[in-house]
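# Chain and residue survey
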Amino acid sequence: MKKKTDQKALTTKLLAWYDENQRILPWRIQPTPYAVWVSEIMLQQTRIEAVIPYYERFMNELPTLVDLAQCEDDRLMKLWEGLGYYHRVRNMKRCAIECMETYHGNLPADVTALRKLPGIGEYTAGAIGSIAYDLAVCAIDGNVLRVFSRILCSDADISLTATKKQFHSIIREYLPRRSGAFNQALMELGERICIPNGVPHCAECPIHAECLAYQNGCQLLLPVNNKKKTRTLEEHTVLILICDQRVHLIKRPKSGLLADLYQFDFLDGFCDEAKLREYAQTYGEVQSLVPLPDTHHIFTHKEWHMHGWLAVCKMKQQRGLWANRTELAHTYAIASAFAKYKEICFAYLAGGCGNESTTL
């Protein structure tokens, strides 16, 4: 791996740019270990603009690690609803409980100890350690790998563990006394200037003079990432089943995809009207059955294609969980895969069940 650039000039220029141009973000106002941790977990696979309202709501309701450790699971899932990757928040609660038991209700000021906690990997431990505790450690995410691939004009495959370890050793040599600011500056540069898709904004980059890829005109060729993403395609039918101004909800299993979240009735394959009518009649007399728009949802390793239907029934006997409009909005966390159907259901309940003229 090539490494011929002025480290001191790069660090000085990058920190000066960050001091003048950093965005004012709620977790930067008071970067406590808890605030940094919550924000970093939320920011995994999620844009900053999307995270801010979730972060503010979460911190308003669960302002301390103790509050998180004691939060009921359904409420915790509801607070996270829409962010996706729900295993993250389940690990956060496990981590909070462990910190209560082992570290007197605090996140430890030790990177090795942090990495042993549920859901905290090397990057998150580095972010907490450098930003909240001022430890001289790196925090290397995808943005930082991309930035340094271009700075060093490296054609090493960043999807490989060996490459990541090599970058970690190199970037550690650049760490200034203000390690937290340096790590955040690299992340911000990658998000705003040295972008992943499209042409990087090299003319606006404070360190383009130190960037070997810029000097050699190969920015668009880097980084090299040969990780292949393969997804399986699944077909399902979603049935919004409504009786007496309530919608039927099913809680998913405690493990696996979308664990512990709620969903509408969910059938494998694309079901025809006759099969759905027969299914709905087990709950009550079917008064109406109408098709809804198709939708799809992409997970890391699979993709769901979904047909939707809405059935209004006159209930025979109440069995299972039935939620009213208020509970749908504030109590039960519906997996984001069903966001479009939740919106339709919410609008229908607002218009009044039993009103077949309600626009879907």
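Residues numbered from 1 in each chain as written. Predicted model: local features only at pLDDT ≥ 70, side-chain atom pairs only at ≥ 80, totals over all residues. Heavy atoms only, no water.

## As for the confidence of the model for the chain
Model confidence for the chain is summarised by a mean pLDDT of 94, while 96% of its residues fall at 70 or above. Contacts for the low-pLDDT stretch residues 353-360, under 50 throughout, to residues beyond four places or in other chains number 17 contacts. (pLDDT = per-residue confidence, 0-100. Contact = heavy atoms within 4.5 Å.)

## As for the pattern of salt bridges
Applying the stated rule across the entire model yields 16 salt bridges. The residue glutamate 188 makes a salt bridge to arginine 28 at a minimum N-O spacing of 2.8 Å. Placement of glutamate 188 in helix α12 (residues 179-192) and of arginine 28 in helix α2 (residues 26-29) is noted, with a sequence separation of 160 residues between them. The residues glutamate 188 and arginine 28 share a single accessibility class, namely buried. Where arginine 47 meets glutamate 49, a salt bridge forms, and the shortest distance between an N and an O atom there is 3.5 Å. Glutamate 49 gets classed as partly exposed once you look at its relative accessible area, which sits at 49%. (Salt bridge = Lys/Arg side-chain N within 4 Å of Asp/Glu carboxyl O. Helix = DSSP H or I, 4+ residues; strand = E, 2+ residues; numbered from the N terminus. Buried < 20%, exposed > 50% of the residue type's maximum accessible area, 1.4 Å probe, protein only.)

## Description of the environment of arginine 246
With respect to the helices and strands, the residue arginine 246 is situated in strand β2 (residues 246-251). As a C-alpha pair, arginine 246 and alanine 109 span 137 residues in sequence and 49 Å in three-dimensional space. What arginine 246 contacts, discounting residues up to four positions off in sequence, is Leu241, Trp322, Ala323, Asn324, Glu327 and Leu349. One polar contact links the side chain of arginine 246 to the main-chain carbonyl oxygen of tryptophan 322, over a distance of 3.2 Å. (Polar contact = N/O pair within 3.5 Å; in protein donor to acceptor, adjacent residues only side chain to side chain.)

## A word on the side chain of aspartate 260
Position of aspartate 260 among the secondary structure elements: in the loop between β2 and β3 (262-263). With sequence-adjacent residues up to four places away left out, aspartate 260 is seen in contact with Lys251, Arg252, Pro253 and Lys254.

## Looking at the pairing of strand β6 (residues 302-315)
Inspection of the sheet shows strand β1 (residues 232-243) paired to β6 by 12 bridges, in the parallel sense. Residue glutamate 234 lies in a different strand from β6, and its bridge partner there is tryptophan 304. Across 12 bridges, strand β5 (residues 284-298) lies against β6 in antiparallel orientation. Each residue of the ladder has a partner; that of valine 290, found in β6, is leucine 310. (Pairing = 2+ DSSP bridges.)

## Topic: the environment of glycine 105
Topologically, glycine 105 is positioned in the loop between α7 (87-102) and α8 (111-115). Distance from glycine 105 to alanine 69, taken between C-alpha atoms, is 9.1 Å for residues 36 residues apart in sequence.

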